[in-house]
Structure formats: structure tokens, C-alpha cells
Amino acid sequence: MSAMQDLAPAIKRLANSYQQTTSISLKFIDIYLVFIMGSGILQFVYMLAAGTFPYNAFLAGFISSVGSFVLAGEFISVFVLYLSPKFAYSDIADYGQVV
């Protein structure tokens, strides 16, 4: 069997496991992460297509996307690691104040 034939069942198993075992709150955070990643990619592609005239505006938007992605990713790691939403929310609030 080729590698592609082995890959399809693994992806199906991963998708089924994600749908069955992941809580709805983590799915919402995953959707947010995908949105932020898409926003950063879109900003980068637009900068390549349109040019770098307002370069400071590009940097502000792109760095904001990266920062939001990192904080949300850290939120997921704390949420999954401690399994306590209260601790995760307070931890993110502390990091948000530092940044």
C-alpha cells in the first residue's frame, strides 16, 4: 500500500476522534485559531500583492494576529493541562496584562 492509502484512514480516525472527544469550548477556540491564522495569512498575501507602502500598518496587523494566536494557543495548553477553565482564564488575563 502506498503512503496516501495509509493516510486517508488515519485522517478519518483523527477527525472522528476530534468530533467525539473534544469539548465544545475547545472547538470554539480551535475555530478562533483558524480564523486568526487565516487573517494573518491574508494580511501577508495582501502585503505581497499590494506592496509595502503602509508597512507600519502591516506590521501592526500581522503582529497582532501572531500575538492573538500565541495567547489563544497558550490558553488551550493551560485549559487542557489543568482542566480548569477558571485557572485558564485567570492565567490568560495575567499574560494579557503583561503583554
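Residues numbered from 1 in each chain as written. Predicted model: local features only at pLDDT ≥ 70, side-chain atom pairs only at ≥ 80, totals over all residues. Heavy atoms only, no water.

A few points about the overall build of the chain
- Check the secondary structure of the chain and you find 4 helices and 0 strands.
- Scanning the chain from its N terminus toward the C terminus, one meets helices and strands in the order α-α-α-α.
- Contacts in the chain between residues far apart in sequence, at least 24 positions, make up 48% of those at least 6 positions apart.
- Of the roughly 7,600 Å² that the chain leaves accessible, carbon and sulfur atoms contribute 72%. (Helix = DSSP H or I, 4+ residues; strand = E, 2+ residues; numbered from the N terminus. Contact = heavy atoms within 4.5 Å. Areas by Shrake-Rupley, 256 points an atom, 1.4 Å probe, with all protein chains shown as cover.)

A short note on the confidence of the model for the chain
- Per-chain confidence: the chain averages 81 in pLDDT, with 80% of residues scoring 70 or above.
- When pLDDT is averaged over each helix and strand of the chain, the minimum, 63, is found for helix α4 (residues 85–98) and the maximum, 90, for helix α2 (residues 24–50). (pLDDT = per-residue confidence, 0-100.)

Overview of the nonpolar core
- In this structure, Leu 26, Ile 29, Leu 33, Ala 72, Phe 75, Ile 76 and Phe 79 together form the largest nonpolar core, which totals 7 residues.
- Where this core is concerned, the elements lending two or more residues are α2 and α3 (55–82).
- Top contributing element to this core by residue count: α3, with 4 residues. (Core = buried A, V, L, I, M, F, W, Y, C linked by side-chain atoms within 4.5 Å. Buried < 20%, exposed > 50% of the residue type's maximum accessible area, 1.4 Å probe, protein only.)

What about a nonpolar patch on the surface?
- Together, Met 37, Ile 41, Val 45, Val 66, Phe 69 and Val 70 make up an exposed nonpolar region whose accessible area comes to about 510 Å².
- Elements that contribute at least two residues to the nonpolar patch include exactly α2 and α3.
- Structurally, Ile 41 can be placed in helix α2. (Patch = residues over 30% accessible without salt bridge, like charges linked within 9 Å, V, L, I, M, F, W, Y side chains within 5 Å. Salt bridge = Lys/Arg side-chain N within 4 Å of Asp/Glu carboxyl O.)

Re the UniProt feature "transmembrane region" (unreviewed entry) in the chain
- Those places that UniProt annotates as "transmembrane region" (unreviewed entry) correspond, in this numbering, to residues 31–51 and 57–83.
- Across residues 31–51, the secondary structure splits into 95% helix and 0% strand, with the terminal C-alpha atoms separated by 30 Å. (UniProt positions renumbered as here; feature names shortened; annotations may be inferred.)

Considerations on the environment of Val 66
- Note on placement: Val 66 falls in helix α3.
- The exposure class assigned to Val 66 is partly exposed, which follows from its relative accessible area of 40%.

A closer look at the packing of aromatic side chains
- As enumerated under the stated definition, the model contains 4 aromatic pairs in all.
- Ring centres 6.3 Å apart and planes at 45° place the aromatic pair Phe 44 and Phe 58 in the tilted group. In this pair, Phe 44 is assigned in helix α2 and Phe 58 in helix α3, connecting sequence segments 14 residues apart.
- For Phe 44, a relative accessible area of 38% gives the class partly exposed.
- Each ring, one from Phe 58 and one from Phe 62, has its centre 5.5 Å from the other, and the planes form 25°; the classification is stacked. (Phe/Tyr/Trp six-rings, centres within 6.5 Å; stacked < 30°, edge-to-face > 60°.)

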